[in-house]
Amino acid sequence: MRSPRDDRDTEHMARQKPSPFLMAAAVLTIFDPEEIRPVGQLSEAQLKESFQELIAKSVVNYDRDANPIWSLRGDVRRHVLERLKDRKVIMSCLRANPRRYRNSLQKMLERYLAGQAPPVSEQNSYQLSDTLQVIDWLGGIIPGVPKTEEIQQRMEREALIATLRYLVDDHFRGRTEKLDTIRRYVGVLKPASLASGLAKHLRNLFKGDMRPPLLIYGPGGIGKSTLLAKSILEHSVDVQGEPTPFAYLDLDRPSLLAREPLTLLAEVAKQLAAQFPSNRTNFLATSNSILKELTRVARAIPQMTPTADLNQWRVNDIVRNNLLDEFGSLLSSAAGMGKPLLLVIDTFERLQFRSHDHVENLWDFLKALQVRVPKLRTVIAGRAPLDPQRGLDAEQDRLDEFDFPAALSYLKSYGIGEQTKMVRVIEQVGRNPLSLRLAVEVIKAEPEGSELIPARLNENLVQGILYRRILRHIKDEDVRKLAHPGLILRRIDAGLIQHVLAAPCGIDVLDEERAQELFRKLRSEVSVVGPSADGSLSHRPELRLLMLKLLWTDEPARTEDIQRRAIEFYKDREDPVSRAEEIYHRLAIGEDPKTVSPRWIPGVEQYLVGPWDELPARAQIYLASRTNFELDEKAWKRADLESGERRAARRAEDFLARGVPERALSVTREIKKRSPASPLGEIEARAFFALGDFEKARRSIRDASIGYSRDGKAIPIDILLLDSDLDQKIRLVESPEAKVRSFREAARHYKGDVRLLKMGLNVLASFDTEASRPPTAETSSRELTRLKLKLSPAETLARSLDGARQELLIELAECIRNTKPESLEADPELSRCLFAEIGSANPTLALDLIKKSGMGSELVSYVLPDLVQLLTLWETKLSAQTSSAGTLSNLAGLSRSGSYRQTWSNYLGDRRSDEVAQLLDQLLERREMPADVLSQLSELVKTALRRRKRFGIVS
Amino acid sequence: MSLSSNERAKIDSALRLAFPDYDDLARMLKFKLDWNLQEFASARLTLGTVVLKLIEAAEARDRVLDLVAAAYETVSSNLLRAIYEQLKETAAKQKAIEAYAPGDCCDACIVHQLRPFINRREFRRNLSRMNQENGPRVLSVNGTSGLGKSHSLHLISYVLTRTDNSRLGEINLNITAEKRIDPGSLVRLLSRQFKFEPKDGLLKQAAQDAWWTFELANWLVTETVDSKTNCWIVLDGFEHPAVPDATHEFIKHLLQLSVKSVRLRVILLDFSDDRIPSEMIPYMLFEKLTEITETELRQFISDVFAQRGHAGGDDAPKVADKIWNKVKHLQGKPEFTRKLTEAVLEELKHKFGDGGGV
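No experiment lies behind these values; they were computed from the predicted model shown.

1. With respect to the overall build of chain B
Within chain B, the regular secondary structure consists of 14 helices and seven strands. Counting every position in chain B, which comprises 358 residues, the buried fraction comes to 48%. If you take every contact in chain B between residues at least 6 apart in sequence, the share linking residues at least 24 apart comes to 71%.

The structure is reproduced here in structure tokens:
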């Protein structure tokens with residue numbers, strides 16, 4: 001993007017030969033303003049002018065040592081080179097500055113100029129990115145410069161493979177049988193063993209294309225991810241000229257949400273884009289359209305508060321199926337019909353431990369995908385087999401420790417060459433890859449040490465002992481003291497070192513600087529700790545759990561002391577991370593979950609993801625119920641009533657968000673006995689509401705409300721809002737006064753809550769019953785007769801409704817004043833609806849609302865012709881007030897044509913609604929709108945809202 | 001006069017080249033301006049820091065032109081002379097802009113370097129919201145090429161120079177030669193503009209891993225809190241494919257951490273929505289620029305006339321007609337906005353050619 005001035009510069013250059021200094025700078029990636037020499041000879045005055053131009057059209061950045069670096073502005077460079085055009089001429093510009101910086105970018109620029117650039121296929125990633133920048137300058141000017149897309153494709157594929165190569169590294173050994181299992185399952189590569197090959201052949205004879213997922217499970221550290229990466233790599237190389245398309249998804253990545261598997265599909269499409277150059281654009285477009293849809297749905301969350309529940313959004317099924325169809329047909333056109341797609345899902349335990357419903361959700365998605373991609377081959381790595389009771393279809397295979405030759409070979413790959421030593425290591429620590437890896441670290445740190453551990457012990461104990469041995473080799477004594485009991489904390493940062501760990505660990509941390517220093521040193525102990533997403537440190541989870549158990553046994557007092565100090569440290573903090581830690585430590589020292597519960601705030605869930613094997617059983621149940629984490633059924637049987645309800649509520653909420661209210665109801669029905677303030681009543685009401693069973697919805701609301709009252713608690717505003725939704729839907733108001741009272745009560749309890757405004761609007765709409773509406777010119781004579789017949793009872797209600805409406809408008813105005821302006825700004829549609837209701841009753845407040853929300857082009861489109869009258873009236877009134885003709889039309893920059901009506905009629909006649917909406921907003925901001933005009937505008941907005949509803953368009 | 005970051009960097013470079021020694025610089029200041037360099041920066045600091053502090057002091061005293069002139073009189077450098085000429089031109093334009101200054105700076109029609117800023121009401125509104133104490137922290141502006149996304153920087157810069165206690169840190173990769181800006185360099189450039197001093201080692205870390213990028217972002221955000229100044233970061237051109245992944249990772253952390261600092265505002269120009277962490281979406285403002293409409297043009301011209309004291313006259317509609325007729329055939333084409341802006345400049349120059357300076 002260029003500014004007008006830039007464009008004037010470049011156009012000016014296009015007409016003339018570029019000035020000598022610009023020509024020189026155009027072929028230098030960076031230059032020294034005191035050293036640069038011009039191209040060619042000119043008069044002193046011309047050179048002076050040219051130099052001035054160079055300085056004006058350059059940018060200055062700083063290198064790593066904070067030295068300024070000069071370069072020609074990118075757009076100017078491009079235009080100079082376009083003007084020079086000829087390769088030889090451009091090359092000759094280089095000769096003006098034989099002493100130039102020759103950084104890698106400069107070298108690549110010159111290689112392309114000389115026609116000697118290495119082929120794209122041979123460039124490393126750094127050279128590729130050099131080329132990308134050279135393309136900006138020379139692309140389309142001289143021949144032989146590749147296309148940006150070509151380079152991007154290469155870089156993307158390189159990046160995909162690099163991740164897998166990193167996982168496999170140089171030490172992958174053994175696993176022949178498991179690799180064969182995957183080969184057989186995918187059906188592209190020949191299994192290494194003859195028996196496997198035969199089995200594959202027979203299987204292919206009897207099985208169709210579709211195959212359920214293959215789950216490889218085994219404990220943490222056994223090498224599942226490495227096996228999967230190895231398998232992908234061997235499938236990704238060309239086999240008979242065709243590599244198998246693949247996608248690798250690690251569920252540890254926060255952007256992959258299993259509860260919304262379209263996030264997975266977007267990533268799959270993105271990875272396939274790098275593998276199918278000729279269909280790259282299409283795959284990227286599919287990925288983008290999925291992400292756009294996800295973004296659109298996520299943006300629809302109305303509350304812009306840090307506590308908004310972001311987990312509740314989900315794309316609707318019609319759109320989902322369309323996106324799946326689009327993906328399926330794209331893949332078959334790119335790879336050819338019937339080609340397999342290897343989809344690898346890692347860290348599946350994240351999902352297994354979190355929710356059965358999420359697992360089922362993923363399975364549903366995989367099934368739906370397989371319908372579109374029959375040869376979908378999904379290989380999943382997790383820690384446990386699937387729950388057989390859930391009836392999910394999968395092939396399952398357990399991954400165990402290395403066999404003996406593989407373990408030997410693994411140690412050998414780390415340079416422990418002596419056979420007897422290797423055998424001794426294996427005898428002592430076993431064949432678990434993690435144990436062996438830890439043993440290698442110990443051997444490296446203690447080359448002279450003879451014994452790793454005294455005897456063959458339980459695997460966990462082995463790892464624990466080895467871990468302690470590794471800890472011993474931390475050079476800094478204070479860091480060593482910190483590291484071991486430090487793992488009681490789930491996260492460590494400088495503040496925690498200073499205020500929580502220092503004293504119990506027996507080290508002096510006098511100030512923040514020392515704490516920072518220790519933090520930095522601890523961070524460099526990569527075999528002990530790793531980085532967390534928030535920049536703090538954490539211990540390797542499986543080792544932390546192990547060591548924690550040992551610590552509780554060996555040093556219970558010190559362990560509890562650290563936990564209590566951590567609680568003290570976190571307790572006055574309000575952010576979800578701190579609160580989650582406080583809750584965790586309270587539960588860890590055995591506090592009753594009921595006393596911990598008041599500390600719960602929205603947002604802590606994501607920092608309290610299980611499993612929590614180190615916590616007491618009741619703490620685990622409590623956390624599971626609050627975070628939608630799955631425990632085994634035995635554990636749930638021990639759960640108290642509230643925990644069971646919370647668990648059911650979360651599951652049911654999820655079904656509601658997925659648009660299956662029936663399943664939400666089946667979950668809530670499992671809980672027979674209810675606490676007085678059970679959250680299930682509200683969920684049932686919402687489910688019935690969604691199913692259109694308003695009577696049952698009303699009953700559920702009533703029961704829930706009674707429950708809360710009995711428990712001495714205020715009825716949650718969501719229930720009140722739902723109740724008003726029902727009122728609005730049914731439009732059967734028995735006692736308007738009671739509704740106003742109820743609203744007033746809610747306003748007292750939930751002062752400032754934006755949901756009150758929605759509730760108020762609902763109640764107002766519910767007053768809009770047929771009986772309360774006066775007959776209009778549009779009312780047919782038959783309807784009129786019917787209304788007349790009913791007049792007597794209706795009249796009473798209408799009067800009552802009218803009084804209630806006035807009262808409610810006063811209350812609503814007060815609520816608007818109490819609502820934070822940013823909440824209203826975040827929901828312009830709400831503001832417009834409020835404006836329509838209170839426009840006549842409270843012009844000042846109404847004007848403020850409509851100024852904040854703007855008119856919105858959609859609403860304007862429904863009343864475009866009606867605006868002539870409004871604008872004419874406004875203009876007439878203003879002109880009379882200011883004694884100046886055409887105040888409004890002048891402000892709008894319109895040429896007057898006859899009367900005001902004529903001017904506005906002409907204007908509105910050929911304008912789009914968005915332009916008119918813009919104009920109205922502008923006029924409202926700049927000119928006073930008399931109360932009667934404002935009242936007319938609010939009526940117009942009301943009409944627009946009504947018309948929109950009638951046309952069935954839902955915003 | 002207020003300097004852009006690029007102008008500041010050019011002065012910095014020229015002064016460092018002309019006075020590579022603290023004592024030489026101190027002598028020049030004493031003889032030519034009667035300033036004592038010790039008052040601004042001690043001799044123990046690096047030359048880069050000394051010069052930066054000197055420029056800040058000159059800006060605070062509104063003596064930047066005098067500083068550059070004094071330096072040029074002492075060391076006859078072509079570079080200093082060229083910069084002096086450029087600054088003189090900028091100063092004249094800044095003066096001319098004041099003729100158009102509206103009550104609310106977000107309503108400005110003519111902004112830095114005398115560039116017209118045609119309507120963009122939504123953008124102005126967003127800017128105004130972000131300028132509020134508890135306003136949104138992140139705005140992403142998108143739209144097809146040629147609509148003036150990068151041009152938005154000029155209004156932002158205009159507004160911030162007129163807003164108390166605000167600083168602008170802007171990086172536009174569209175105009176730099178090297179697009180491979182790593183997170184350390186990005187923070188270095190922003191720090192210079194915000195006048196933060198990164199601790200030794202923070203920017204030069206060898207391992208450019210996710211951890212480091214987080215640490216950098218965290219440091220920057222913490223500094224904005226400690227500075228008690230509203231720090232606006234504007235990033236443009238970061239969709240170039242050569243921009244390293246680590247830098248995108250850094251920006252992601254910056255967005256995620258922005259909720260922690262009431263002082264930080266981030267504006268992303270032409271930044272892909274896909275790169276924005278989904279959990280941030282509800283807290284951000286998104287704006288998609290569309291082509292300037294005839295109504296917008298008419299209002300703009302009417303506003304310019306009003307700001308120049310010509311409100312109520314018949315000239316504005318005529319000028320708007322003339323401009324619109326010149327460009328309406330280009331509607332929907334990439335060059336439309338550019339041509340429209342040129343036509344506006346031309347007509348305004350014709351109308352207010354003298355004092356307006358357009």
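2. Section: the overall build of chain A
When its secondary structure is counted, chain A shows 46 helices and nine strands. Looking at chain A residue by residue over its 955 residues, the buried ones come to 41%.

3. Side note on the sheet that holds strand β6 (residues 376–382) of chain A
Residue and element names in this part refer to chain A. Strand order in the open sheet formed by five strands is β4-β5-β6-β3-β7, with parallel pairing between adjacent strands. With partners counted over all chains shown, the strands left at the sheet margins are β4 (246–250) and β7 (395–398), one partner each. Here the strands of the sheet are splayed against their neighbours by 15° on average, with no regard to which way each runs. Bridging between strand β3 (residues 214–217) and β6 involves four bridges; their strand directions are parallel. The partner of leucine 214 across the bridge, within β6, is valine 379. Its contacts with the sheet put helix α9 (residues 176–186) on β3, β5 (341–346), β6 and β7, and the angle it makes with β6 is roughly 150°. Docked against the sheet, helix α11 (residues 224–236) engages β3, β4, β5 and β6, running at close to 165° with respect to β5.

4. Examining the interface of chain B and chain A
Contacts between chain B and chain A engage 70 residues on the former and 61 residues on the latter. Those elements that provide at least two residues to the side of chain B that touches chain A are α1 (5–18), α6 (78–97), α7 (121–131), α9 (183–194), α10 (210–227), α12 (294–307), α13 (315–327) and α14 (336–352) of chain B. Looking at the side of chain B that touches chain A element by element, the count peaks at seven residues for α1 of chain B. Partitioned by chemical class, the residues of the side of chain B that touches chain A number 22 nonpolar, 24 polar and 24 charged.

5. Examining the sheet that holds strand β7 (residues 284–288) of chain B
Residue and element names in this part refer to chain B. Spatial ordering of the open sheet is given by β4-β5-β6-β3-β7, a layout of five strands whose pairing is parallel. The outermost strands of the open sheet, each flanked by one partner alone, are β4 (166–172) and β7. The sheet shows a mean angle of 15° between the axes of neighbouring strands, direction not considered.

6. Concerning the packing of helix α39 (residues 828–838) of chain A against helix α40 (residues 843–853) of chain A
Residues and elements named next belong to chain A. Contact pair α39 / α40: the axes reach a minimum separation of 9 Å and the direction vectors enclose 155°. If you check the angle between α39 and α40, you find them roughly antiparallel. The handedness of the crossing between α39 and α40 is left-handed. Contacts from Pro828, Ser831, Arg832, Leu834, Phe835 and Ile838 in α39 reach Leu845, Ala846, Leu849, Ile850, Lys852 and Ser853 in α40.

7. Structural notes on the nonpolar core
Counting 81 residues, the largest nonpolar core has Ile156, Val234, Leu235 and Ile267 of chain B as its most contacted members. Residues contacting valine 234 of chain B, with those up to four places away along its chain left out, are Leu153, Ile156, Leu168, Glu170, Ile267 and Leu269 of chain B. The next biggest cluster of nonpolar side chains, apart from the first, holds 75 residues, and it includes Met759, Leu808, Ile838 and Leu871 of chain A.

8. Re the confidence of the model for chain B
Residues and elements named next belong to chain B. On average, chain B scores 84 in pLDDT, and the residues at 70 or more come to 92%. Here residues 354–358 is modelled with pLDDT under 50, and outside its nearest four sequence neighbours on either side it reaches 14 contacts, counting other chains as well. What the predictor reports for the complex is a pTM of 0.61 with an ipTM of 0.87.

9. Notes on helix α19 (residues 433–445) of chain A
For α19 of chain A, with 13 residues, the first-to-last C-alpha span of 18 Å sits near the 18 Å given by 1.5 Å per residue. For α19 of chain A, the full list of buried residues reads Pro433, Leu434, Ser435, Leu436, Leu438, Ala439, Val440 and Val442 of chain A.

10. Examining the environment of serine 128 of chain B
All names here are of chain B. Looking at the element boundaries, serine 128 is found in helix α7. With 15 C-beta atoms packed within 10 Å, serine 128 lands in the partly exposed category. In sequence terms serine 128 and aspartate 107 are 21 residues apart; their C-alpha atoms lie 9.5 Å from each other.

11. Examining the packing of helix α6 (residues 104–113) of chain A against helix α7 (residues 125–138) of chain A
Geometry of a packed helix pair, given as the angle between the helix axes and the separation of the axes. Residues and elements named next belong to chain A. Closest axis-to-axis distance for the α6/α7 pair is 9 Å, and the angle between their directions is 60°. Classified by the angle their axes make, α6 and α7 are oblique. In this structure, the crossing between α6 and α7 has a hand that is right-handed. Mapping the contact onto sequence places Ser104, Leu105, Met108, Leu109 and Tyr112 in α6 and Tyr126, Gln127, Asp130, Thr131, Gln133, Val134 and Leu138 in α7. The residue makeup of the contact of α6 with α7, split by class, is seven nonpolar, four polar and one charged.

12. Some remarks on helix α32 (residues 680–691) of chain A
All names here are of chain A. End to end, α32 covers 16 Å across 12 residues, agreeing with the expected 16 Å (1.5 Å per residue, within 8%). Along α32, 10 of the 12 residues are buried, which leaves the element largely enclosed by surrounding structure. Buried within α32 are the following residues: Leu680, Gly681, Glu682, Ile683, Glu684, Ala685, Arg686, Ala687, Phe688 and Phe689. Of the surrounding secondary structure, the elements contacted by the buried residues of α32 are α30 (641–657), α31 (661–669), α33 (694–710) and α34 (717–730). With its phi angle positive at about 85°, glycine 692 sits one or two positions after the end of α32.

13. Observations regarding unusual backbone geometry
Residue and element names in this part refer to chain B. With a phi angle near 60°, aspartate 34 is a residue other than glycine that sits in the positive phi range. By the secondary structure assignment, aspartate 34 is in the loop between α2 (22–33) and α3 (37–40). In this structure aspartate 34 comes out as exposed when scored by C-beta crowding, with 7 C-beta atoms within 10 Å. The phi angle at aspartate 270 is positive, at roughly 55°, despite the residue not being glycine. Within the secondary structure layout, aspartate 270 lies in the loop between β6 (264–269) and β7.

14. Quick look at the pairing of strand β1 (residues 58–62) of chain A
Residues and elements named next belong to chain A. Relative to strand β2 (residues 68–72), β1 runs antiparallel, the two sharing five bridges. By the bridge assignment, valine 60 is partnered in β2 with tryptophan 70. Counting the residues that bridge the hairpin from β1 to β2 gives five residues, and of these alanine 66 lies at a positive phi of roughly 65°.

15. Focus on the environment of methionine 108 of chain A
Residue and element names in this part refer to chain A. When you line up the elements, methionine 108 lands in helix α6. For the pair methionine 108 and glutamine 133, spaced 25 residues apart in sequence, the C-alpha separation works out to 9.5 Å. When residues no more than four places from it in sequence are discounted, the contact partners of methionine 108 are Ala117, Gln127, Asp130, Thr131 and Val134.

16. Some words on the confidence of the model for chain A
Interpreting fine coordinate detail is not advised for predicted regions of low pLDDT. Residues and elements named next belong to chain A. On average, residues of chain A score 80 in pLDDT, and 84% of them reach the 70 mark or higher. Residue range residues 1–7 is modelled with pLDDT below 50. Its contacts to residues more than four positions away, or to other chains, number 22 contacts. Predicted confidence is poor over residues 784–793, with pLDDT under 50, and the contacts of this stretch with residues over four places away or in other chains come to four contacts.

Calculation rules
Residues numbered from 1 in each chain as written. Chains lettered and ligands numbered in written order. Predicted model: local features only at pLDDT ≥ 70, side-chain atom pairs only at ≥ 80, totals over all residues. Helix = DSSP H or I, 4+ residues; strand = E, 2+ residues; numbered from the N terminus. Buried ≥ 20, exposed ≤ 12 C-beta atoms within 10 Å, placed from the backbone. Contact = placed C-beta atoms within 7 Å. Pairing = 2+ DSSP bridges. Axes fitted to C-alpha atoms, helices over the stretch in contact; angles between N-to-C directions. Nonpolar A, V, L, I, M, F, W, Y, C, P; charged D, E, K, R; others polar. Parallel < 35°, antiparallel > 145°, perpendicular 65-115°, else oblique. Left-handed = near helix turned anticlockwise from the far one by under 90°. Core = buried A, V, L, I, M, F, W, Y, C linked by C-beta atoms within 7 Å. pLDDT = per-residue confidence, 0-100. Expected span 1.5 Å × (residues − 1).

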